[in-house]
Amino acid sequence: MKAKFPEYKGLDLPKVADEILNYWQENNIFEKSVTSREGAKPFVFFEGPPSANGLPGVHHVLARAIKDIFPRYKTMKGYQVKRKAGWDTHGLPIELGVEKELGITKEDIGKKISVEDYNAACRKAVMRYTDIWNDLTQKMGYWVDMDDPYITYEPKYMESVWWLLKEIYNKKLIYKGYTIQPYSPKAGTGLSSHELNQPGTYQDVTDTTVVAQFKAIENTLPDFLQNEGTVYFIAWTTTPWTLPSNTALTVGPKIDYVLVDTFNQYTFEPTKVVLAKNLIGKQFGGKNNFEIHNDADFNKFTNIIKDKKGLDAHERLSLILGRNIMDPDWENIWQIFVNKKKLSDSEKLSILNDLGYKIDEEIVASIKSSNVQLASKTIPYKIVKEFIGKDLVGIKYEQILDYCLPNDNPQDAFRVISGDFVTTEDGTGIVHTAPTFGADDALVAKQAVPEIPPLLVKDENDNLVPLVDLQGKFRPEMGEFAGKYVKNEYYEDGEAPERSVDVELAIKLKTENKAFKVEKYKHSYPNCWRTDKPILYYPLDSWFIKVTDVKDKMHSLNKTINWKPESTGTGRFGNWLANANDWNLSRSRYWGIPLPIWRTEDGKEEICIGSVKELKSEMAKAVEAGVLAEDIFADFEVDNNSEENYAKLDLHKNIVDEIILVSSTGQPMKRESDLIDVWFDSGSMPYAQWHYPFENKQKIDGNESFPADFIAEGVDQTRGWFYTLHAIAT
């Protein structure tokens, strides 16, 4: 007998939806679609975990509708498709939301509120909207197991993550380094390279830029620059706030450079500057400059520039031509240079000769209409000599902003060094080098002999720190700039000053004859993906995963993935893998999975913990050695995987930071204070959702639930969740 389907005389879609949903629920249709396929070939689906502290949007409905199609289809084809839901419960979205609710900042944690109370507030906030998510999931008919989801803050999940980290550590792929990293002052933490490449992080901004003048110390100049008077190196920067931290200037060893005689456009002082030959047009090619080829003609402008005389057009042209132009001829000669007929140089010369003015052909060729009309406002320049970059190495210069010296080896700072990364595509061909705030800068400074010191000073605890603090403010050493944010975006709404620090520094440099050019410049700059505020490149002590050691393997394995569309995998994702950097794992936050590494104070001994069982074993040794009062997880039963047993645990920072372990030589070891990147949390879900390897080993080792047959998320996840899934699996 054929099944009879209900007949609808009128179309009432909400009613139809309710009837279908009721039927599914009353008859456990989703559950049966899974249990009825027991023993069938599995089709493995990974559900990307949303964060339940935010409300779902229409984009979630669209994405889930698309995702739902494939598991349903595979179920109908006879496969068993288990669909475990998940919640992403750690990281910046939760912390920033809680801080806003509590009216605090990161700096208040541990002062106005304890870490324990703060984490309790995060735990409460993170699952706030689960009922709404569950309701939406049910109403839209998205089949996923919401009754037994994986939750990243639960002890079982966190223990599996620790195990994964221990596995990577044992392969010698985790290390600690003091390097320049993307840092978000508003979030108070470093960021990984894949976070910096989330969609929308790079934004076009218009910044104040400075071509700064660095005064060479005469007795360090090579012979070919001796007896040239005061010589300046000019270097361009889009971040004037880093100039107080300048400790070197970097030139390209094979680049051709020139010494140019000119005048400073702000102080009108005679100035001889060094820059790359190929960039003369960039620095002198505007309407405010023109080239002169000989000393006699150059000197004609000295009085105009130095005395700032307001000469009229007649006087200007007479001065340029080196002739006193007679009044009857004035109008004709003026028209030669400013008329709209665009006379050739030879035509101009012919007219001048006919009028009886014997003028040098080169002078006529050098004069443009704008030069004549603006002669008293423009700056002439003359190329004096040429040389190559390697011949400039070793020259010393005066510190441009002398608020303080580097704490270590200041005698080795403020000199010209060589770097292969220098180009002549933009700027001056000389790179302002602040090793404190640039990865390339730090590398080239370290390679110099002797090494260029970064500009670090001692804080109140005798720690070496940059001139900008972790909130993005200048330190007290910066005099009149102390306490000011280096970017106006860091101020609270309505509190930003009219002039940014960059503008104030530019004005100061202008008045001190240290700015060659100041102008606005539109360029792309990275913002924090969570706060939407600019990042800084900042020196941080961080733990890294050595992705560079396995990126070739990652790139090769990527070719085995069936991407749809293929171009996403071969292009966006493949290109990203080919150029992957080491993964900055450290996060200086409070609500997340703690890095399970304990270290001695001198950093010579350390241990990475991969399970609660191992932690309890190490705590027992510490108690016996007298460095730990008691096993704080004494009630926990090893090898008992019941939910009741694991409910006795909390592996968050406020708990595990109290644990002191002992090294093999009897030294106390404290946990490294960092949390791990929340993207590692979510990238661990294939294993941690099953509490692998402590339970469900067959699901992973027997390929019942790994690897995935189907994942579907937004393209932004190619450098987020997809990347971390792939990196951890590799």
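Above: the structure in question.
In this report, we go over the structure that sits alongside the text. (Residues numbered from 1 in each chain as written. Predicted model: local features only at pLDDT ≥ 70, side-chain atom pairs only at ≥ 80, totals over all residues. Heavy atoms only, no water.)

### Focus on the overall build of the protein
Link 1 in the chain: Counting secondary structure elements, the protein contains 26 helices and 24 strands.
Link 2 in the chain: Here the analysis covers contacts within the protein between residues at least 6 apart in sequence; of these, 75% occur between residues at least 24 apart.
Link 3 in the chain: For the protein, the accessible area works out to roughly 35,000 Å², and carbon and sulfur atoms hold 48% of it. (Helix = DSSP H or I, 4+ residues; strand = E, 2+ residues; numbered from the N terminus. Contact = heavy atoms within 4.5 Å. Areas by Shrake-Rupley, 256 points an atom, 1.4 Å probe, with all protein chains shown as cover.)

### Let's talk about the packing of aromatic side chains
Two aromatic rings are characterised by how far apart their centres lie and by the angle between their planes.
Link 1 in the chain: Evaluated as defined, the whole model comprises 35 aromatic pairs.
Link 2 in the chain: Summarising the aromatic geometry, the rings of F437 and Y538 are spaced 6.1 Å apart at their centres and angled 55° between planes, so their arrangement reads as tilted. Within this pair, whereas F437 is found in the loop between β13 (430–433) and α16 (439–447), its partner Y538 is found in strand β17 (residues 536–545), the two being separated by 101 residues in sequence. The exposure classification of F437 matches that of Y538, with both residues buried.
Link 3 in the chain: Put simply, the rings of F43, F45, F70, Y79 and F710 touch in pairs and so form one group of aromatic residues.
Link 4 in the chain: Directly above the aromatic system of W143 lies the positively charged group of R72, at a separation of 3.8 Å from the ring centroid.
Link 5 in the chain: Positioned above the aromatic ring of W690, the side-chain terminus of K699 is 4.5 Å from the ring centre. (Phe/Tyr/Trp six-rings, centres within 6.5 Å; stacked < 30°, edge-to-face > 60°. Buried < 20%, exposed > 50% of the residue type's maximum accessible area, 1.4 Å probe, protein only. Lys NZ or Arg CZ within 6 Å of the ring centre and 35° of its normal.)

### A word on the pattern of salt bridges
Link 1 in the chain: Within the structure shown, the criterion is met by 36 salt bridges.
Link 2 in the chain: A salt bridge links E101 to R128; its shortest N-O distance comes to 2.5 Å. In this pair, E101 is assigned in helix α4 (residues 92–102) and R128 in the loop between α5 (115–126) and α6 (130–139), connecting sequence segments 27 residues apart.
Link 3 in the chain: Here the salt bridges do not stand alone but share partners, grouping E47, R64, K67 and E713 into one network. (Salt bridge = Lys/Arg side-chain N within 4 Å of Asp/Glu carboxyl O.)

### A short note on the environment of K186
Link 1 in the chain: With respect to the helices and strands, the residue K186 is situated in the loop between β3 (174–184) and β4 (189–190).
Link 2 in the chain: Given the relative accessible area of 29%, K186 is considered partly exposed.
Link 3 in the chain: Look past the residues within four positions of K186 in its chain and what remains in contact with it is L96, Y490, E492, T531 and K533.
Link 4 in the chain: Only 3.4 Å separates the side chain of K186 from the side chain of E492, close enough to count as a polar contact. (Polar contact = N/O pair within 3.5 Å; in protein donor to acceptor, adjacent residues only side chain to side chain.)

### Concerning the packing of helix α18 (residues 551–558) against helix α26 (residues 721–729)
Packed helices, taken two at a time, are described by the angle their axes make and the gap between the axes.
Link 1 in the chain: Where α18 contacts α26, the axes come no closer than 10 Å and their chain directions differ by 115°. Overall, the two elements α18 and α26 adopt an arrangement that is roughly perpendicular. Classified by chirality, the crossing of α26 by α18 is right-handed. Between α18 and α26, the contacting residues are M554, L557 and N558 on the first element and Y723, H726 and A727 on the second.
Link 2 in the chain: Looking at the contact of α18 with α26 residue by residue, the classes come out as four nonpolar, two polar and no charged. (Axes fitted to C-alpha atoms, helices over the stretch in contact; angles between N-to-C directions. Parallel < 35°, antiparallel > 145°, perpendicular 65-115°, else oblique. Left-handed = near helix turned anticlockwise from the far one by under 90°. Nonpolar A, V, L, I, M, F, W, Y, C, P; charged D, E, K, R; others polar.)

### Regarding the side chain of R64
Link 1 in the chain: Position of R64 relative to the elements: it lies in helix α3 (residues 58–76).
Link 2 in the chain: In this structure the side chain of R64 is engaged in a polar contact, spanning 3.5 Å, whose partner is the side chain of E47.
Link 3 in the chain: The residues contacting R64, other than those within four sequence positions of it, are E47, P50, W133, T137, M140 and Y142.

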